[in-house]
Amino acid sequence: MSSIIQLLPDHVANQIAAGEVVQRPASVVKELLENAVDAKATDIKLIIKDAGKSLVQVIDNGLGMSITDSRLCFERHATSKIRHAEDLFSIHTKGFRGEALASIAAIAHVEMKTKQDQDELGTHIIIEGSKFVSQEPVVLPKGTSFLIKNLFFNIPARRNFLKSETVEQRHIVDEFQRVALAHPNIHFTMYHNGSEMFNLPASNFRQRIVNIFSGKTNEKLVPVKEETEILNLHGFIGKPEFAKKNRGEQFFFVNNRFIKSGYLHHAVIAAYDGLLSAGAQPSYFLYLEVPPHTIDINIHPTKTEIKFDDEHALYAILRSSIKHSLGQFNVAPVLDFERDSNLDTPYQYQNKKADYPTIHVDSNFNPFSEDRPNKSFSLSSNYKKPESQPSWESLYVGLKQAGQEIAEMSFENESVTSSLFDETDVEQEVKRTYQIHKKYIVSPIKSGMVVINQKRAHERVLYEEFLTSMTVHQASSQQLLFPLQLYFSSDEIELLAELKSSLENTGFVFESFNDDHVLISGLPVNVTESEISIVLEELLSDLQDGIPDSSFCQNDTIAKSMAKSLAVRTGTYLTEKEQENLVHNLFGCREPNMSPFQKPTFITMSVEDLDKKFSL
């Protein structure tokens, strides 16, 4: 039998590798930004168009490359980060695999301009689908510029699987924020379709977090710091009252590299035990420094997963450090009933030395001087003694006689009431609904009984109300005495601005949209002021995959999300009137059988079914 195994051509191998390294435009952004950081750049610019589908450009002022390196960097497994296999256990750079640029060049049009500081001329290289088109010397400043155009131009099926521009842009912003948070000493700038989205000057960790996530973030940050033999931990956690339902501000950095770890996330949640409501996710920005030989980064091409030598020790240190920070900054309650909180020393003054009091002496003071003012009290001639007030006994003069007159009066003892019907004709009111376990409502019907899930039934009622107000007529709104100010990230503000018209149809009234907050002056009638932040957070979480294109799908998504947020929860006690109102409203809906999420709202049990149960 003839041999059938053969080596793949380089361009085919590069396209296969690109399937792992480059999954979407955000993957290109991540790789290019990390290369710029490894080049020791102090100023990095990111320029994208059409959410990265048309253009991704990264410009840095780093070390640059020589003519030979600029051509060799596009070959597979060509890297300057490591030399031997042992170097994998002492990695201090972002990249080391040598696959990123070769994979990107295989599926896009690439232009690279680079120049080293000591060279007079730089190099300009153009590559299209792994094929070198041109290479020529050009005049450039120090640094490197990568320009990626027409991503997936030779893999149309892969391009069709990309999401909408809103979703892809959100992924790009996520990658940009992760790199920017890991390196606050670098100036980052990001432009999208010609407009500036981020301008982050070099600063410390706290200021970088505030610059990315708005100024309101500063007041909810609690510092964390711990130094041990196996781990140096520093960073910030969020106060429990600012926790959100959706995840979005949870960041772990190990040796300045962003990672995802469900195990370490569980350690953070365990530290907040008893301080968070059900389903709430706290914010945290934690930087872990561990010896490079105790971790393994070479697990996945994206390098966001890491294996630790001793995960249990890291779990314990992380959990106890966060608990300590929550306690020392008086975020967590202290159960010491004899402690006087007024005597507590503030945390920032614990190590501060006490200041000696200063003594001021008045050298001109003479206690025997006759010029001193006379402070003895004496009655002046203008002082008049108040006239004697009548005694309290005078208030009751003459009441005895009045009491005697009242006692002599007579009243009719029998109370005469009239009734249109005899008492036997009045039918006693029968209770029509019953609540079971604060979850189900049971209502008798002619053939048996109906068991209603109160949460799903309320979701159906609210869903049809919101959908009707958004599509048929303008909903009524309740005006607030003072406008409500809610803070969001820049991406969330942009998303709310796109949903403004649909939300106004439900009853919201927006005064203004700012860079980091919105002003709301009116709410829907069935939404309270305390619920508004929860409703909008749930809505933004449900629209993470993008806003539907058609207006009906958009209204349907908003109505479903608001109905889910405002529906009565399981475990809520309902009065008889509330039970009856919910039952009547449910069966007044167009589709009372199913909730908006296609789950049954009620079941019926006939008398025959009950008889069968008892016949067993």
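What you see is a predicted model, and the numbers here were worked out from it, not measured in a lab.

Asker: Can you walk me through the overall build of the protein in this structure?
Answerer: What the protein contains, in helices and strands, is 17 helices and 22 strands. The proportion of buried residues among the 616 residues of the protein is 41%. If you take every contact in the protein between residues at least 6 apart in sequence, the share linking residues at least 24 apart comes to 69%. In the form shown here, the protein has an accessible surface area of approximately 37,500 Å², with 51% of it arising from carbon and sulfur atoms.

Asker: Whenever I open this one, the packing of aromatic side chains confuses me. Can you help?
Answerer: For any pair of aromatic rings, the description consists of the separation of the ring centres together with the inter-plane angle of the planes. If you walk through the whole model with that rule in mind, you get 17 aromatic pairs. Ring plane angle 40 degrees and centroid distance 4.2 Å describe the contact between Phe205 and Tyr287, whose orientation is recorded as tilted. Taken together, the residues span a long stretch of sequence, with Phe205 in helix H7 (residues 205-213) and Tyr287 in strand E13 (residues 284-289) at a distance of 82 residues. Taking the relative accessible area as the measure of exposure, Tyr287 reaches 2% and is therefore buried. Considering the side-chain rings of Phe587 and Phe602, the 5.2 Å spacing of their centres and the 55 degrees angle between planes classify their relative orientation as tilted. Note that Phe587 is positioned in the loop between helix H16 (576-586) and strand E22 (602-606) and Phe602 in strand E22, a separation of 15 residues in sequence. In this structure Phe587 comes out as partly exposed when scored by relative accessible area, which is 42%. Of the aromatic side chains, those joined through ring pairs into one cluster are Phe205, Phe213, Phe251, Phe253, Phe258, Phe285 and Tyr287.

Asker: Would you take a moment to explain the environment of Val254 for this structure?
Answerer: Considering the arrangement of structural elements, one finds Val254 in strand E11 (residues 250-254). Owing to a relative accessible area of 1%, Val254 belongs among the buried residues under this scheme. C-alpha separation for the pair Val254 and Val290, spaced 36 residues apart in sequence, amounts to 7.2 Å. Discounting chain neighbours no more than four positions away, the residues touching Val254 are Ile259, Leu288, Val290, Ile295, Ile306 and Phe308.

Asker: Would you mind showing me how to read unusual backbone geometry here?
Answerer: With the exception of glycine, most residues fall at negative phi, and the peptide bonds are largely trans. Positive phi, close to 60 degrees, is recorded for Lys40, a residue that is not glycine. Structurally, the position occupied by Lys40 is in the loop between helix H2 (25-38) and strand E1 (43-49). The class of Lys40 is exposed, set by a relative accessible area of 65%. Notably, Phe152 is not glycine yet its phi reads approximately 60 degrees, a positive angle. For Phe152, the position within the fold is in the loop between strand E6 (143-149) and helix H5 (156-160). What makes Phe152 buried here is its relative accessible area of 0%.

Asker: Could you clarify how one ought to interpret the sheet that holds strand E21 (residues 517-524) in this entry?
Answerer: Paired through backbone hydrogen bonds, the strands of a sheet run either parallel or antiparallel to each other. The antiparallel open sheet is built from three strands, whose spatial order is E19-E21-E20. Here the strands that pair on one side only, and so sit at the sheet edges, are strand E19 (477-487) and strand E20 (509-513). Looking at each pair of strands side by side, their axes are set apart by 15 degrees on average, direction ignored. The strands touched by helix H14 (residues 532-542) are E19 and E21; relative to E19, the strand with the most contacts, the crossing angle is about 65 degrees.

Asker: Just checking my understanding: could you explain the confidence of the model for the protein for this structure?
Answerer: Atom-level detail of predicted coordinates should not be read off regions where pLDDT is low. This prediction gives the protein a mean pLDDT of 79; 77% of its residues lie at or above 70. Across residues 375-381, where pLDDT falls below 50, the model places zero contacts with residues more than four positions away in sequence or in other chains.

Asker: Before we go on, may I ask you to explain the packing of helix H6 (residues 165-182) against H7 in this structure?
Answerer: Packed helices, taken two at a time, are described by the angle their axes make and the gap between the axes. Interhelical geometry of H6 versus H7 gives an angle of 160 degrees and a closest axis separation of 9 Å. By the criterion of interaxial angle, the relationship of H6 to H7 is roughly antiparallel. Where H6 crosses over H7, the two elements pack in a sense that is right-handed. When H6 is examined against H7, the residues Gln177, Ala180 and Leu181 are found in contact with a partner set consisting of Phe205, Arg208, Ile209, Ile212 and Phe213. Grouping the amino acids of the contact of H6 with H7 by side-chain chemistry returns six nonpolar, one polar and one charged.

Asker: Could you clarify how one ought to interpret the nonpolar core in this entry?
Answerer: If you look at soluble globular proteins, the nonpolar side chains tend to sit buried side by side. In terms of nonpolar packing, the biggest core is built from 54 residues, with Leu32, Ile44, Leu46, Phe74, Ile148, Leu181 and Phe188 touching the most fellow members. Non-local contacts of Ile148, meaning those with residues more than four positions away in its chain, are made with Val28, Leu32, Ser54, Leu55, Val56, Ile104, Ala108, His109 and Val110. Counting 32 residues, the second largest nonpolar core, distinct from the first, contains Leu480, Leu499, Phe510 and Leu523.

Asker: How should the sheet that holds strand E12 (residues 257-259) be read in this particular structure?
Answerer: Spatially, the five strands line up as an open sheet ordered E9-E10-E13-E11-E12, and their pairing is mixed. A strand with exactly one partner marks an edge of an open sheet, and here the two such strands are strand E9 (221-227) and E12. With direction set aside, neighbouring strand axes in the sheet form an average angle of 20 degrees. Both E9 and strand E10 (residues 232-238) contribute to a ladder of seven bridges, which runs antiparallel. The partner of Glu226 across the bridge, within E10, is Leu233. Of the strands in this sheet, E9, E10, E11 and E13 are in contact with H7, which crosses E10 at around 35 degrees. The strands touched by helix H9 (residues 311-328) within the sheet are E9, E10, E11 and E13, with E9 carrying the most contacts at an inclination of about 130 degrees.

Asker: Looking at this model, I keep getting lost on the side chain of Asn555. Mind explaining?
Answerer: With respect to the secondary-structure elements, Asn555 resides in helix H15 (residues 551-566). Aside from chain neighbours lying at most four places away, what touches Asn555 is Leu467, Met470, Thr471 and Ser502.

What counts and what doesn't
- Residues numbered from 1 in each chain as written.
- Predicted model: local features only at pLDDT ≥ 70, side-chain atom pairs only at ≥ 80, totals over all residues.
- Heavy atoms only, no water.
- Helix = DSSP H or I, 4+ residues; strand = E, 2+ residues; numbered from the N terminus.
- Buried < 20%, exposed > 50% of the residue type's maximum accessible area, 1.4 Å probe, protein only.
- Contact = heavy atoms within 4.5 Å.
- Areas by Shrake-Rupley, 256 points an atom, 1.4 Å probe, with all protein chains shown as cover.
- Phe/Tyr/Trp six-rings, centres within 6.5 Å; stacked < 30°, edge-to-face > 60°.
- Pairing = 2+ DSSP bridges.
- Axes fitted to C-alpha atoms, helices over the stretch in contact; angles between N-to-C directions.
- pLDDT = per-residue confidence, 0-100.
- Parallel < 35°, antiparallel > 145°, perpendicular 65-115°, else oblique.
- Left-handed = near helix turned anticlockwise from the far one by under 90°.
- Nonpolar A, V, L, I, M, F, W, Y, C, P; charged D, E, K, R; others polar.
- Core = buried A, V, L, I, M, F, W, Y, C linked by side-chain atoms within 4.5 Å.

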